[in-house]
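Breakdown of the fold
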Amino acid sequence: MNALGTPTKLSNGVARSDSKISAKALFEQRKKYSNSNVIMQETSQYHVQHLSTFIMDKTESIATVDDAIKKLILLDSKDKIWTQEMLLQVTDKSIKLLDCETKEDLEVFPVFTVQHCQTLLNQTRYPSVLLLVCQDNEQHKPDIHFFYCDEVEAEMVHADIDSALGDNKRGKKTRPQTLKMNQEKMKRHRETIIPPSEPKSPSHGVKGRVAATEIKDELLPLDPESSMKLAQRIEKDVQILNCALDDIESFVSRLHKAAEAFAQLNQRNRSKKNKKKGPAEGMLTLRAKPPSEAEFIDCLQKLKLSFNLLAKLKKHIQNPTASELVHFLFGPLEMILQSCGSPDLTRAVISPHLSRDSVDFLRGHLTPKEMTIFELLGDGWTRPRADWPKDQCAPLYVPKFRNGWEPPVELFRTSPWETESMGMPRSPVQSEYRKEEFFGSQSSLSSNGSYSSSPAARKYAKIRYHFVARNANELSVLQDEILEVLEDDKQWWKLRNRSGQAGYVPYNILDVVKLEDPQAMNDPPYSPSYRGQSPSSSMGSEKDGHTHQMDKVNDELLMLITGNKVNPPTRNFKVERQSSSTVPLSFDSSPAQVTTWLNSKGFSKPTVDRLGILTGAQIFSLNKDHLKAVCGDEGSRVYSQITVQKAQLEKSRGDSELQEIMKKRQEKIESAAD
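This structure is a prediction, so every number in the text was calculated from the model and none was measured. Here the residue index of a chain counts from 1 through its sequence in written order. Reporting of local features is limited, given that this is a predicted model, to residues whose pLDDT is at least 70; pairs of side-chain atoms are given and counted only at 80 or more, and all residues count toward the totals for whole chains, interfaces and linings. Side-chain descriptors were evaluated using all non-hydrogen atoms of the structure, hydrogens and water having been removed beforehand.

Another point: the overall build of the protein. Scanning the protein for helices and strands turns up 21 helices and 15 strands. Within the protein, buried positions represent 46% of all 674 residues. Long-range contacts, defined as pairs at least 24 residues apart, comprise 67% of the intrachain contacts of the protein with a sequence gap of at least 6. Surface exposure here means Shrake-Rupley accessible area, sampled with a 1.4 Å probe, where a residue is shielded only by the protein chains that are shown. Counting every atom, the protein has about 35800 Å² of accessible surface; 51% of that belongs to carbon and sulfur. A helix here means a DSSP run of H or I that spans at least four residues, while a strand means a run of E at least two residues long, and both kinds are numbered starting from the N terminus. Classification of residues uses two cut-offs on accessible area relative to the type maximum, computed with a 1.4 Å probe and protein chains only: under 20% is buried, over 50% is exposed, and between them is partly exposed. Contact definition: two residues touch when any of their heavy atoms are within 4.5 Å.

What follows is the structure in structure tokens.
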């Protein structure tokens, strides 16, 4: 398993080509090797990847080198190792670690501080590892460093360092001979280097994290040629999805690496008595460097692309399924929000738009916690492309993948998230793959968004109890009403009534029924004329009208359920009184403290669950509309309480500043009197 929790890809997904390698590519690859791995006089340099650094500390269960090796192997088995490339430079006097790009010194270990050096072969996924134990005079406990020697053998670097240590201790000059042998090995290795071929489409034979399933017979068109085109398009979309997941995983690894290094830096700084840069801090500082804003945006765009593809492929992939991958992807999304400190950057990412089918798919499968995160992301995520005015739509999005593969631009140009537009009539169900691309005129659209040669495979459900829609995703239904089943793989089933309106209903209030003639359905005793509209209802002046209409219909349904009582249902309002014992909330509050504060204010459990995942700074950044979208009617009260709390913080800050000013003024008066 990898950082996303999905099956690890066994190959880089780039097919090798047997075509002749260009002289330029060969030259560039060998030049890169020569620049990183070089021996000049008494200075040698090797390209390595730093894996981890441990302090030899019994309290951390690392009393020996073997303990450190066991911990490295354990971390490797849990995918908890993140590499950082650098250059390792050896001289007679010291071992240096350099930044690959700037060539600046990250660490300098004088040879007398190196206590031990050894190789670790084929014990982790990194086959050739170098281990260094270093301790200077100011260190109470030694550091154990692990490096993956990815371009030269670890034994070569080990022999070089050992000869430098031996010469320093014994005063002999054995290192020149070692360097000469290493130089010959590097020369021979350089001549065998073959650069990777030009990036191609991921090979069909390569096992990826997601694979297309065989298309079911009822989903196949009658025309064999169309069947082949459909299979090819599905396979291409799966390849794009796998590349996007690879890049997201790589980005998540960088965030993990930066967070871990930052925590280690803080721990070391707390234990230091002075501000002087300590051992291993140069490496940790480089590892702790977060990705750039452009890299954050790139990952967010690929997350949106993945959501679009998962909605489109939901009937064509399994192990993991599309809905399972959605849950996995909300892990990186939440981590990005936490890393940014506020949702502002994420909200600013409009391109690519989500298709209407994608938004519906997400709303139908997200957990309450995930739905809270989704609603916080704003219109760029919750509002499908079809609900944006044409002049406000983002330009075509074509991803750039780290492995160099460039899918045909036409695949994106014709995708629903690039072609849907405002004013286009919305079909009852968003198709996954467009009919005109693959199917003949004899095929018909089935209820699940795929295509079938016959409408007889449709599924229907009969409602056992009345149900009132509570938001725009749910559908109000009546007892004994019969509706068509669109999706039935979760606890909430997506149904469509005779008016063509679709939404989600709890599965435990319905029974599946078989109809001889689907067109002969009896009219239900009451047919709700309106369901919460699509996110387009949030646009312009239509929003208030739609909301009023929805409330009106639901009130009518409530009256029917409660026996046509004239009086509307009573609402219990709770007045909160401030007290000195109120739990404080500040910009520095953790999610646990936010949860405690929400509970102390008497908010409902759904509201606490949805907002309790935020920090103080994040909850203070939300406006009234965001809170109402997440918490419904209770959102207004949450906003009021947050506003009061913010005002108290500002007043407290102002009082503190005033007291400080008065204190300084009093001290000035007293000093003048003396």
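That was the structure; now back to the text.
Here a Phe, Tyr or Trp ring, Trp counted by its six-membered ring, pairs with any other such ring whose centre lies within 6.5 Å, and the pair is stacked when the planes are under 30 degrees apart, edge-to-face when over 60, and tilted otherwise. Counted under the stated rule, the structure contains seven aromatic pairs. Pairing Phe251 with Phe296 gives two aromatic rings, centres 5.1 Å apart and planes at 80°, and the pair type is edge-to-face. Of this pair, Phe251 sits in helix α5 (residues 224–271) while Phe296 is found in helix α7 (residues 293–313), placing the two residues 45 residues apart along the sequence. Judged by its relative accessible area of 6%, Phe251 falls in the buried class. Given the relative accessible area of 8%, Phe296 is considered buried. Sitting over the face of the ring of Trp381, Lys304 holds its NZ or CZ atom 5.1 Å from the ring centroid. One Lys or Arg, Arg383, reaches over the ring of Trp388 and ends 4.3 Å from the middle of that ring. The criterion is that NZ of a Lys, or CZ of an Arg, lies within 6 Å of the ring centre and within 35 degrees of the ring normal, and then a charge sits over that ring.

A few words now on the pairing of strand β5 (residues 105–110). When DSSP finds two or more bridges between a pair of strands, those strands are recorded as paired. Relative to β5, strand β4 (residues 94–98) runs antiparallel, the two sharing five bridges. From the neighbouring strand, Leu98 faces β5, where its bridge partner is Asp105.

This paragraph deals with the sheet that holds strand β14 (residues 502–506). Ordered in space as β14-β13-β12-β11-β15, the five strands form an open sheet in which the pairing is antiparallel. Each edge of the sheet is formed by a strand with only one pairing partner; in this case those strands are β14 and β15 (510–513). Mean inter-strand twist for the sheet, computed between neighbouring axes without regard to direction, equals 45°. As judged from the four bridges shared by strand β11 (residues 460–463) and β15, these two strands associate in the antiparallel manner. Bridging across to β15, Lys462 finds its partner in Asp511. Here, axes are lines fitted to C-alpha atoms. For helices the fit covers the stretch in contact, and angles between N-to-C directions go from 0 to 180 degrees.

The subject of this paragraph is the packing of α7 against helix α8 (residues 322–340). The interhelical angle for the contact between α7 and α8, taken along N-to-C directions, is 160°, at an axis separation of 11 Å. Relative to α8, the element α7 is oriented roughly antiparallel. Judged by the twist between their axes, the crossing of α7 over α8 is left-handed. Packed against α7, whose contacting residues are Phe296, Cys299, Leu300, Leu303, Ser306, Phe307 and Leu310, the element α8 presents Ala322, Leu325, Val326, Leu329, Phe330, Leu333, Ile336, Ser339 and Cys340 at the interface. The residue classification treats Ala, Val, Leu, Ile, Met, Phe, Trp, Tyr, Cys and Pro as nonpolar and Asp, Glu, Lys and Arg as charged. All others, Gly included, are polar. Classifying every residue of the contact of α7 with α8 gives 14 nonpolar, two polar and no charged. Orientation is classified from the angle alone, with under 35 degrees giving roughly parallel, over 145 giving roughly antiparallel, 65 to 115 giving roughly perpendicular, and any other angle giving oblique. Throughout, a crossing is termed right-handed when the near helix is turned clockwise from the far one, and left-handed when it is turned anticlockwise from it by less than a right angle.

Honestly, it's all geometry; don't read function into it.
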